[in-house]
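As a plain string of letters, each chain reads:
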Amino acid sequence: FILKYLIEEVLKLQPENIRHFLLRTAFLDKFCPELCNAILGIENSDELIQECIKSNLFVISLDDQQIWFRYHHLFADLLSMYLEKEYTEKEICQLHMKASHWYQETANFEQAITYAINGKAYQQAAELIEQIVDRVIARGQVKTLMKWIGEIPEEIIVSRPRLLLHQGWVVFLTGNVTAASKILHAGKSALALLPE
């Protein structure tokens, strides 16, 4: 309770540009200046991050070069709470989508998928999964694939026969042969309906 109070007081004392930066980057697991610039549509995130560090705003460096950072978990939780209070769900989803696009442009498809799902852009997440599904399976990341597919609404999976077939294959790999058979049969039927 005392820590929460202290953090809230620290947040209230920040200039508007720093507060704005903190809130709109709170949802990120980690961040770098380029990612923040892309999300916020600015060019001075590096300066803002350094300002946060100088002001002891619970920013933790993740590497020796000080390229990647994250917020202290308690501070991130509080910032996320304020983000949800002060911004609409649509605005928050747009932030997630900007992060997803940036990660896609930097060829980090795993993060791009996660942020697309968090931003409720399920069609985009499904497209990205289809692009990397073979690589994910080859690396043995079946649980990750199951998690992603599990978060995409059923109607989207059913409308994408190739994704449905991959779901069936993943379910088969987990040992549920009966469920896999049903999914694979539905996928095969849906695939047959696709134009040549």
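Presented here is a report on the structure given in the accompanying data block. None of these values were measured; they are calculated from a predicted model. (Residues numbered from 1 in each chain as written. Predicted model: local features only at pLDDT ≥ 70, side-chain atom pairs only at ≥ 80, totals over all residues. Heavy atoms only, no water.)

Topic: the packing of aromatic side chains
Enumeration according to the criterion identifies eight aromatic pairs in this entry. An angle of 85 degrees between the planes, with centres 5.8 Å apart, marks the rings of Phe27 and Tyr115 as edge-to-face. Of this pair, Phe27 sits in the loop between α2 (16-25) and α3 (33-40) while Tyr115 is found in helix α7 (residues 109-118), placing the two residues 88 residues apart along the sequence. For Tyr115, a relative accessible area of 2% gives the class buried. Geometrically, the ring pair formed by Trp68 and Trp102 is edge-to-face, given 6.2 Å between the ring centres and 65 degrees between the ring planes. In this pair, Trp68 sits in the loop between β1 (59-61) and β2 (69-71) while Trp102 sits in helix α6 (residues 89-105), placing the two residues 34 residues apart along the sequence. By relative accessible area, Trp68 is classed as partly exposed at 22%. Here the aromatic cluster, defined as three or more aromatic residues joined through ring pairs, consists of Phe27, Trp68, Trp102, Tyr103 and Tyr115. (Phe/Tyr/Trp six-rings, centres within 6.5 Å; stacked < 30°, edge-to-face > 60°. Helix = DSSP H or I, 4+ residues; strand = E, 2+ residues; numbered from the N terminus. Buried < 20%, exposed > 50% of the residue type's maximum accessible area, 1.4 Å probe, protein only.)

A closer look at helix α5 (residues 73-86)
Look at α5: 20 Å from first C-alpha to last across 14 residues, which is about the 20 Å you get at 1.5 Å a residue. Within α5 the residues assigned to the buried category are Phe75, Ala76, Leu78, Leu79, Tyr82 and Leu83. Down the axis of α5, the buried set is contained in an arc of 165 degrees. They therefore lie on one face. Exposed and oriented more than 90 degrees from the buried face of α5 are His73, Asp77, Glu84 and Lys85. (Expected span 1.5 Å × (residues − 1). Arc of directions from axis to C-beta.)

Comments concerning α6
An ideal rise of 1.5 Å per residue puts 24 Å on 17 residues; α6 measures up with 24 Å between its terminal C-alpha atoms. Where α6 is buried, its residues meet α2, α3, α5, α7 and α8 (122-138). At the exit of α6 stands Ala107, carrying a positive phi of roughly 65 degrees. (Contact = heavy atoms within 4.5 Å.)

So, the packing of α6 against α7
Contact geometry for α6 and α7: axes closest at 8 Å, N-to-C directions at 165 degrees. Regarding the angle of α6 to α7, the classification is roughly antiparallel. The element α6 and its partner α7 pack so that their crossing is left-handed. Side by side, α6 and α7 meet where Cys93, His96, Met97, Ala99, Ser100, Tyr103 and Gln104 of the first sit next to Phe109, Gln111, Ala112, Tyr115, Ala116 and Asn118 of the second. Class assignment of the residues belonging to the contact of α6 with α7 gives a composition of eight nonpolar, five polar and no charged. (Axes fitted to C-alpha atoms, helices over the stretch in contact; angles between N-to-C directions. Parallel < 35°, antiparallel > 145°, perpendicular 65-115°, else oblique. Left-handed = near helix turned anticlockwise from the far one by under 90°. Nonpolar A, V, L, I, M, F, W, Y, C, P; charged D, E, K, R; others polar.)

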